[in-house]
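# A closer look at the structure
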Amino acid sequence: MSDVTQLRGNVLTPAGWLEGSIRFDDLITGIHGQPLVAEPIPMAEAGDYILPGFIDLHVHGGGGKDVMDGGNALETIARLHARHGTTSMLATTMTAPMEDLERALTPIGQARRKRCAGGSRVLGVHLEGPYINPGKLGAQPDFAVPATLDQIDWLRSFAPIELITVAPEVEGHMELVRVLSNNGMLVQIGHTLGTYEEGVAALKNGAVGFTHLFNAMSGFHHREPGMAGAALAHAEYAEIIPDLLHVHPGAIRAALRAIPRLYCVTDSTGASGMPDGEYTLGRQTVHKCMGGVRLADGRLAGSTLTMDQALRNLVSLGLDLADASLRTSTYPADYLGIKERGRLKTGCYADILVFDRELQLKAVYVEGEKIDLADA
């Protein structure tokens with residue numbers, strides 16, 4: 001991209017806020033301005049907020065489409081989330097038979113090589129199933145199986161698996177956690193009935209995060225801390241769904257105090273950006289109603305959250321805007337080991353968001369491309 005764009009406002013850089021400008025084509029070419037001595041809410045008297053693009057590591061769907069649909073569904077999903085500020089994402093699978101996973105992973109591999117116009121950059125796969133505990137499926141279909149390295153290698157032949165969710169207490173999985181971690185794969189603990197002790201052991205064997213903290217895991221009790229207790233006591237990173245429905249605001253605040261790099265995900269479904277009604281989540285039918293997504297029995301089944309609303313929810317809980325940006329952009333990038341995204345810095349990709357004073361999204365740029373927000 002040869003055209004250079006310049007934006008002016010309150011620019012959030014890794015060193016803090018600047019009142020000035022940012023120039024970019026597909027990469028950021030320059031940032032200039034005067035430092036702001038405090039958070040610009042309410043210090044600055046004028047100007048939009050310019051933030052790094054959101055990075056969502058747990059996306060099942062959007063715009064009426066599900067990652068498990070295969071085909072061109074991922075383009076619809078990437079475009080829906082780009083309109084809400086997600087500039088990079090991991091396409092997330094459901095627990096499913098192998099033939100379903102093959103159908104879903106093949107287009108993810110293609111999208112990883114070429115970003116669709118108007119859409120988020122697909123960084124790869126978050127394989128959320130099938131290597132979970134069948135006793136803690138949550139909204140996952142009942143296709144959980146024990147993992148084997150050969151099977152994981154076969155799945156990786158279709159698309160890069162950047163992140164894998166595993167229940168470490170399942171027989172053979174603790175050794176799997178160690179081997180996968182030693183081979184450079186990010187392993188998260190989730191959909192688990194594991195004990196506190198098993199959680200600590202998994203972390204010692206190389207697991208580095210927790211999937212949708214508090215949801216679909218053994219809960220905290222003062223005499224049986226469970227997997228949630230292991231996360232609160234020992235985790236550096238964990239993902240959380242801040243739709244204020246999956247997790248009580250008080251539990252979010254507790255996690256923010258306990259886990260240094262707690263970061264946000266949407267766990268969004270095909271119902272995101274759509275009216276109330278029936279949608280698919282893997283092989284299951286889900287219902288969007290009353291602000292959430294549920295199975296027929298009433299259990300939560302993913303969300304309709306978008307990352308711009310996640311940012312606003314964090315601010316409503318008392319986080320300053322810079323901290324909220326870390327948890328929706330920078331920390332997910334750091335977790336994946338990506339230095340050229342998730343921050344506004346010369347040489348990084350021009351993944352840029354512009355918010356007004358009420359934190360409503362005004363503009364999105366993905367690798368310098370301006371996204372049409374007309375349908376957001």
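As the structure is a computational prediction, the values presented were derived from the model and not from experiment.

Criteria and thresholds
Residues numbered from 1 in each chain as written. Predicted model: local features only at pLDDT ≥ 70, side-chain atom pairs only at ≥ 80, totals over all residues. Heavy atoms only, no water. Pairing = 2+ DSSP bridges. Helix = DSSP H or I, 4+ residues; strand = E, 2+ residues; numbered from the N terminus. Contact = heavy atoms within 4.5 Å. Axes fitted to C-alpha atoms, helices over the stretch in contact; angles between N-to-C directions. Phe/Tyr/Trp six-rings, centres within 6.5 Å; stacked < 30°, edge-to-face > 60°. Buried < 20%, exposed > 50% of the residue type's maximum accessible area, 1.4 Å probe, protein only. Parallel < 35°, antiparallel > 145°, perpendicular 65-115°, else oblique. Left-handed = near helix turned anticlockwise from the far one by under 90°. Nonpolar A, V, L, I, M, F, W, Y, C, P; charged D, E, K, R; others polar. Core = buried A, V, L, I, M, F, W, Y, C linked by side-chain atoms within 4.5 Å. Salt bridge = Lys/Arg side-chain N within 4 Å of Asp/Glu carboxyl O. 1 Å grid on protein atoms, 1.4 Å probe; cavity = no way out; pocket = protein on both sides within 12 Å on 5 of 7 lines; lining within 4 Å. Points joined across faces, edges and corners; volume = space filled by probe spheres on them.

Further remarks concern the sheet that holds strand E1 (residues 5-13). With mixed pairing, the 7 strands of this open sheet are ordered in space as E3-E2-E1-E4-E18-E19-E20. Each edge of the sheet is formed by a strand with only one pairing partner; in this case those strands are strand E3 (28-35) and strand E20 (369-370). Sheet strands touched by helix H9 (residues 321-336): E1, strand E2 (16-24) and strand E4 (49-52). Its angle to E4, the strand with the most contacts, is close to 30 degrees.

Before going further, it helps to spend a moment on the packing of aromatic side chains. Applying the stated rule across the entire model yields 6 aromatic pairs. On the numbers, 6.2 Å between centres and 55 degrees between planes, the contact of phenylalanine 54 with phenylalanine 355 is tilted. On the criterion of sequence distance, the pair formed by phenylalanine 54 in strand E5 (residues 54-59) and phenylalanine 355 in strand E18 (residues 352-355) is long-range, its members being 301 residues apart. Here phenylalanine 54 falls in the buried class, since its relative accessible area comes to 1%. Residue class for phenylalanine 355 comes out buried when judged on its relative accessible area of 0%. When the centroid spacing of 5.3 Å and the interplanar angle of 40 degrees are considered together, the rings of tyrosine 263 and tyrosine 335 count as tilted. In this pair, tyrosine 263 sits in strand E14 (residues 261-264) while tyrosine 335 sits in helix H9, placing the two residues 72 residues apart along the sequence. Among the residues examined, tyrosine 263 registers a relative accessible area of 0% and is labelled buried. Members of the aromatic cluster, each reached through a chain of ring pairs, are Tyr237, Tyr263 and Tyr335.

Our focus in this paragraph is the packing of helix H8 (residues 307-316) against H9. At a minimum axis separation of 9 Å, H8 and H9 run at an interaxial angle of 140 degrees. Classified by the interaxial angle, the pair formed by H8 and H9 is oblique. Where H8 crosses over H9, the handedness of that crossing is right-handed. From H8, Met307, Leu311, Leu314 and Val315 reach across to H9, where they touch Leu321, Ala324, Ser325, Arg327 and Thr328. For the contact of H8 with H9, the per-class residue count stands at 6 nonpolar, 2 polar and 1 charged.

Judged by nonpolar contacts, the single largest core of 102 residues is most densely connected at Leu57, Leu74, Ile108, Ile164, Phe210 and Phe355. By residue number, the principal contributor to this core is H9, which donates 7 residues. With residues up to four places along the chain from it excluded, the contact list for phenylalanine 210 reads Gln188, Ile189, Leu203, Met217, Met227, Ala230, Ala231, Ala235, Tyr237, Ala238 and Glu239. Ranked by size, the runner-up nonpolar core spans 15 residues in total, among them Leu7, Ile22, Ile50 and Ile352.

Let us look at the pattern of salt bridges. Summed over the entire model, instances satisfying the criterion amount to 18 salt bridges. Across the salt bridge formed by arginine 79 and glutamate 75, the nearest N and O atoms sit 3.5 Å from each other. Of this pair, arginine 79 and glutamate 75 both sit in helix H1 (residues 73-82), 4 residues apart, which is roughly one turn of that helix. The shortest N-O distance in the salt bridge between lysine 339 and aspartate 334 comes to 3.9 Å. Among the ionic contacts, a cluster of salt bridges with common partners joins Arg115, Arg121, Arg341, Asp351, Glu367 and Glu369.

Omega for the peptide link from glycine 129 to proline 130 comes to 20 degrees, which places this bond in the cis form. Take proline 130: it is sitting in the loop between strand E9 (121-127) and helix H3 (149-156). Phi at phenylalanine 214 is positive, roughly 80 degrees, even though this residue is not glycine. Judged by its relative accessible area of 26%, phenylalanine 214 is partly exposed. Unlike most non-glycine residues, aspartate 267 shows phi in positive territory, near 55 degrees. Looking at where aspartate 267 falls in the secondary structure, it is placed in the loop between E14 and strand E15 (277-281).

Ordered in space as E15-E16-E17, the 3 strands form an open sheet in which the pairing is antiparallel. Bordering the open sheet on either side are E15 and strand E17 (292-294), each of which pairs with just one other strand. Each strand axis lies, on average, 35 degrees off the axis of its neighbour in the sheet, ignoring direction. Where strand E16 (residues 284-289) and E17 come together, 3 bridges link them in antiparallel fashion. Within E17, the residue paired with lysine 288 across the bridge is valine 293.

Further remarks concern the pairing of E5. With 6 of its 6 residues buried, E5 lies for the most part within the structure. Bridge count for E5 against strand E8 (residues 86-92) is 4 bridges, and the pairing is parallel. Bridging from a neighbouring strand, phenylalanine 54 pairs with threonine 86 of E8.

Moving on to the layout of surface pockets. Estimated volume of the largest pocket: approximately 220 Å³. Across the lining of the largest pocket, the residue classes tally to 7 nonpolar, 8 polar and 3 charged.

Put simply, helix H2 (residues 98-113) and H3 touch, their axes get as near as 10 Å, and they point 30 degrees apart. With respect to H3, the axis of H2 lies roughly parallel. Two secondary-structure elements touch here, H2 through Met98, Leu101, Glu102 and Leu105 and H3 through Gln151, Trp154 and Leu155. Taken together, the residues of the contact of H2 with H3 break down into 5 nonpolar, 1 polar and 1 charged.

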